Amino acid sequence: MTIKKRILSGVQPTGDLHIGNWLGAINNWVTLQHQYETFLCVVDLHAITASYNPKELSKNTLSTAALYIACGIDPKTCSIFVQSQISAHAELCWILNCVTPINWMERMIQFKEKSIDQANNVSIGLFDYPILMAADILLYDADFVPVGEDQKQHLELARDIAQQRINAKFSKDKNILKIPQPIIMKRGSKIMSLIDGTKKMSKSDPNDGSRINLLDAPEIITKKIKRAKSDSSIGIEFNNPERAESKNLLMIYSILSGKEISQCENEFSETGWGTFKKLITEKLIESLEPIQEKYKILINDPYQLNSILQEGKGKAEVLANKTLNRVKSKLGFFEIEK
Ligand code: AQP
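Quick caveat, the model's predicted, so the values are computed rather than measured.

1. Some words on the side chain of Arg 243
Working step 1: By the secondary structure assignment, Arg 243 is in the loop between helix H9 (218-227) and helix H10 (244-257).
Working step 2: On the basis of relative accessibility, which here comes to 4%, the residue Arg 243 falls in the buried class.
Working step 3: In this structure the side chain of Arg 243 is engaged in a polar contact, spanning 2.9 Å, whose partner is the backbone oxygen of Gly 235.
Working step 4: Excluding anything up to four places from it in sequence, Arg 243 contacts Asp 231, Ser 233, Ile 234, Gly 235, Glu 237 and Trp 273.

2. A closer look at the domain arrangement of the chain
Working step 1: Assigned domains within the chain: domain 1 (6-184 + 302-330) and domain 2 (208-297).
Working step 2: A separation of 30 Å is found between the C-alpha centroids of domain 1 and domain 2.
Working step 3: The partner domain 2 presents 14 residues to the 13 residues of domain 1 that form the contact.
Working step 4: For the pairing of domain 1 and domain 2, the buried interface totals around 1200 Å² over both sides, and the portion due to carbon and sulfur atoms is 80%.
Working step 5: Interface area lost by domain 1 to domain 2 is led by Ile 19, Trp 22 and Ala 70, which between them contribute 41%.
Working step 6: Run the count over domain 1 and domain 2 and you get 0 salt bridges.
Working step 7: Inspection of the domain 1/domain 2 interface yields 4 residue pairs in polar contact (both at pLDDT 80 or more).

3. Some details on the nonpolar core
Most often, soluble globular proteins keep nonpolar side chains buried together rather than apart.
Working step 1: Among the nonpolar cores identified, the biggest contains 52 residues, and Ile 19, Trp 22, Ile 26, Tyr 68, Ile 252, Phe 276 and Leu 284 are the most heavily contacted of them.
Working step 2: Tallying contributions element by element places helix H12 (residues 273-299) first for this core, with 8 residues.
Working step 3: A domain-level breakdown of this core finds at least three residues from each of domain 1 (6-184 + 302-330) and domain 2 (208-297).
Working step 4: Dropping the residues within four chain positions of it, Ile 252 is found in contact with Ile 19, Leu 23, Ile 191, Ile 280 and Leu 284.
Working step 5: Counting 44 residues, the second-largest nonpolar core is a separate cluster that includes Cys 41, Val 145, Leu 155 and Ala 158.

The rules behind these values
- Residues numbered from 1 in each chain as written.
- Predicted model: local features only at pLDDT ≥ 70, side-chain atom pairs only at ≥ 80, totals over all residues.
- Heavy atoms only, no water.
- Helix = DSSP H or I, 4+ residues; strand = E, 2+ residues; numbered from the N terminus.
- Buried < 20%, exposed > 50% of the residue type's maximum accessible area, 1.4 Å probe, protein only.
- Polar contact = N/O pair within 3.5 Å; in protein donor to acceptor, adjacent residues only side chain to side chain.
- Contact = heavy atoms within 4.5 Å.
- Domains from an automatic or database assignment.
- Buried area = accessible area lost by both parts, 1.4 Å probe.
- Salt bridge = Lys/Arg side-chain N within 4 Å of Asp/Glu carboxyl O.
- Core = buried A, V, L, I, M, F, W, Y, C linked by side-chain atoms within 4.5 Å.

If you want it as C-alpha cells, here you go:
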C-alpha cells in the first residue's frame, strides 16, 4: 500500500464565506482530497486577530465547517477540525515566535495591508498571524499546502522558520520539522472585489456588495452582479490591464462553466455588459444552489457536525502532539521521566 502525502489547509471563521474562499481554496481541496491525506482546519484562533463578535465566533466556526462539507469535502476521507480545540497550535506558535527574527515579520504584505484597515487597533496577534499559520502547517508534517496568491509569502515564511530557525539550529542530522511545499492552484487563486477589480474579494470588506457569499439568495446575487463595477467597453476581455473587472468576472465565469478562459473570451468578444451580467448571474445561482441545499441540511443537524469535528479533532490531536513533543524535546525542554 502506498502512503498518501499529506495536505493541510483552512479558512478563518471571520464571517460569511464567499466565492473567493470557495474557488480559491475549498474547491481545490475537493479536487485534492482523494489524492492526499487531507487535514482541514477551521482556523478560529486566526479569526480573533482582528476585532470580532464573540457571539458570532462559535456560530461562524460551525457554519464554516458545514460549508466545507456542503462544497464537497468528504468527512469520511478528510479530517475536519477546529484549531482552538488543539492547544498544540498556540504552544508551537509561542516556540516559533521565540526563534523568528522580527525583521522577517516586518516584510509580510498581508500584515501591512490589514493594518492599514485597522488603523489604531492593530493587535500583536495580527502581526503574529503568519507564525501561527506556520505552526498550523508544521504541526501536521504537511507535505503540501494548497495556497492562493495571497498566502504564498506566508508559506515561504513557514518554510524558512522550519529550515533555518529550527532544523538547522537544533538538529545536526534528521530534520525536526518537515518542510512543506506549496501547491499553487492557478485558476481562481485570486478572485477580486465586485466593486474594485484591483482589490481582493474579502470577508472583512465592510461593503457586502463587494462579494458573492456562498449563502446569498438568488435575488441578492442578482442585485450584487447588477451593481458590480463595469466599464463602457463592449466585449468581456481577460488580458486588458485597463479592465480589471472584466478580467475578474470572466475568470469567475470560466471556472463555474468549466470552460477555458480563451473559449470564454471568444464567446463574449462582442457581448455587452448587460447580457454578460445576466449570464454570470445565472451561472452563480445555478452553481451555488446545491451547496446551499446541502448546507441547510447540515446546519440543522448539529449533532452530526459535532461528531465530525470530534472525530477530526481526535485524529489531528495525535499528530499535533507528536510533533510538538518532538520539537520540545529537541529544543531542550524538561521532560518528566516515566
Ligand atoms: N479573493 C480570494 N480569491 C482567492 N482565494 C481567496 N482566499 C481568500 N480570499 C480569496 C483563500 O481562502 C482561504 C482562506 O482564507 P481566510 O479566510 O483564512 O483568510 P483570507 O485570505 O484573509 O480571506 P478573506 O476572505 O480575505 O478573509 P478576511 O477578510 O477575514 O481576512 C485562503 O487559502 C485564501 O487564499
